[in-house]
Amino acid sequence: MPSSVMPMSNSVPGQGGGRPGPAAIAVNGLRKSYGDKAVLDGVDLTVPEGTVFALLGPNGAGKTTAVKILSTLIAPDAGHVRVGGHDLATHAHRIRAAIGVTGQFSAVDGLITGEENMLLMADLHHLPRAEGRRVAAELLERFDLTEAARKPASTYSGGMRRRLDIAMTLVGGPRIIFLDEPTTGLDPRSRHNMWQIIRELVAGGVTVFLTTQYLEEADELADRIAVLNGGRIVAEGTADQLKRQIPGGHVRLRFTDPAVYRTAVTTLQVATRDDESLTLQIPSGGSQRELRSLLDWLDSTGVEADELTVHTPDLDDVFFALTQEASR
């Protein structure tokens, strides 16, 4: 299976203000329905090469359907799709030669060893025997599976099976990988190990299209995030851009001296008070300028808080706000 990706005519702004770079995935007007249920209703996406793109959404939002279409497993009802420089409608076989897919459910065969799973994938990719063994050995070592390579995969932990699953995906040297909820069911340590693997893949120039329900995962990994709800993209941008769309940021002041607290209550009329915990909550966008202005104001009034914390909306806030608004 070829590992190179043909250049695309679609281009997107490069990172860091560089020249525009090619898009690994370009989607326009994607639609898919099952009966009278529109699962995808006019989706537009552009994913630059060598980045992580995260697609978020509640259960039933259409994330897995989008992955199945982009990876040529099912056909769309309408829309234009290019993956790896190839048109889905006319060159689906070329797309399949340029991508790797790790689905929600492991493709590992538990009845054979990890090494045998890898060699089976090498055979499916029509690699010569010697090359297949070399690639399998290199990937097993890369994913820290060498010691377990000759044990039945059924004896592997969940994290080991997931690592083997991704190693099998990489046998053909794909430059675009679809990871459909790859860390579902993993413990926190295994999830963090998987994040490191994804970072290493992207550092090597691989493009990763990730679907996940773990918002922390998207925040940690994704260069860009799209929120899918009701078959439509309701927001897209970097994690910071999405967070800035949601109100609710604030500065929290905590006091230990009731007298100082009462003075602060009188002085800071815009604050929300909690007399039991002696805290004040002041609306703030969390910018450096706003924080400096607040500190200067506190200094000028002689109010000194014992603790100051800044809260800005996180992806949980973004997710709930956007999906609830779209539902309404």
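Owing to the predicted nature of the structure, the values given are computational and were not obtained by experimental measurement. Every chain is numbered independently, its residues counted from 1 as its sequence is written. Given that this is a predicted model, residues contribute local features only at a pLDDT of at least 70 and side-chain atom pairs are listed and counted only at 80 or more, while totals for whole chains, interfaces and linings are drawn from all residues. Working from all heavy atoms in the structure, the side-chain values ignore hydrogens and water.

1. Comments concerning a negative patch on the surface
Exposure above 30% relative accessible area and the absence of a salt bridge qualify a residue for a patch, where like charges join within 9 Å and nonpolar side chains (Val, Leu, Ile, Met, Phe, Trp, Tyr) within 5 Å. Using a 1.4 Å probe, accessible areas were evaluated by the Shrake-Rupley method; residue-level cover was limited to the displayed protein chains. Put simply, a salt bridge is a Lys or Arg side-chain nitrogen that is within 4 Å of an Asp or Glu carboxyl oxygen. Under the counting rule used here, the positive set is Lys and Arg, the negative set is Asp and Glu, and His together with the chain ends is not counted. In plain terms, the charge of a residue is placed at NZ if it is Lys, CZ if Arg, CG if Asp and CD if Glu. A cluster of acidic side chains, namely D257, D296, D299, E304 and D306, defines a negative patch on the protein surface. The helix count covers DSSP runs of H or I at least four residues long, the strand count covers runs of E at least two residues long, and both are numbered beginning at the N terminus. Relative to the helices and strands, E304 resides in the loop between α10 (288–301) and β15 (307–311). What makes E304 exposed here is its relative accessible area of 63%. Only protein chains enter the accessibility calculation, which uses a 1.4 Å probe; a residue is then buried when its area is under 20% of its type maximum, exposed when over 50%, and partly exposed in between.

2. Observations regarding the pattern of salt bridges
In this structure the tally under the stated criterion is 14 salt bridges. Between K32 and D77 there is a salt bridge whose closest N-O contact spans 3.7 Å. A residue pair is termed long-range when its members are at least 10 positions apart, and K32 in strand β2 (residues 21–34) and D77 in the loop between α1 (63–70) and β5 (78–83) qualify at 45 residues. The closest approach of N and O atoms between D219 and K243, which form a salt bridge, is 2.9 Å. With a gap of 24 residues between them, D219 in helix α7 (residues 215–221) and K243 in helix α8 (residues 239–244) connect regions that are remote in the sequence. Shared partners join several salt bridges into a network, and the residues in it are R31, D41 and R232.

3. Examining the side chain of T212
Turning to its location among the elements, T212 is positioned in the loop between β9 (207–211) and α7. Overall, the relative accessible area of 1% leaves T212 in the buried class. Those residues within four positions of T212 in sequence are excluded, and the remaining contacts are L55, L56, G57, K63, E181, E217 and A218. Whether two residues touch is decided by their heavy atoms; if any such pair falls within 4.5 Å, the residues are in contact.

4. Notes on the pairing of strand β8 (residues 176–180)
Within β8, five of the five residues are buried, which leaves it mostly tucked inside the rest of the structure. Taking every second residue as pointing to the same face, both faces of β8 are buried, with I176, F178 and D180 on one and I177 and L179 on the other. Two strands form a pair only when DSSP identifies at least two bridges running between them. With four bridges connecting them, strand β7 (residues 99–102) and β8 associate as parallel partners. Each residue of the ladder has a partner; that of G100, found in β8, is I177. One ladder, built from five bridges, connects β8 with β9; its direction is parallel. Bridged to L179 within β9 is L210. Crossover β8 to β9 through helix α6 (residues 188–203) is right-handed. Place the viewer so that the strands point away; then a crossover is right-handed whenever the path from the first strand over the helix to the second strand goes clockwise.

5. Some details on unusual backbone geometry
Its identity as a non-glycine residue notwithstanding, D144 has a phi of 55°, on the positive side. As for its placement among the helices and strands, D144 is situated in the loop between α4 (129–142) and α5 (158–169). Of note, the phi angle at E181 is positive, near 50°, even though the residue is not glycine. Mapped onto the elements, E181 comes out in the loop between β8 and α6.

6. Some words on the pairing of strand β10 (residues 224–229)
Within β10, five of the six residues are buried, which leaves it mostly tucked inside the rest of the structure. Here strand β4 (residues 52–56) pairs with β10 via four bridges, running parallel. Paired with L55 across the two strands is A226, which belongs to β10. Where β10 lies against strand β11 (residues 232–237), five bridges are found, and the strand directions are antiparallel. Looking at β11, one finds that V227 is bridged to A235.

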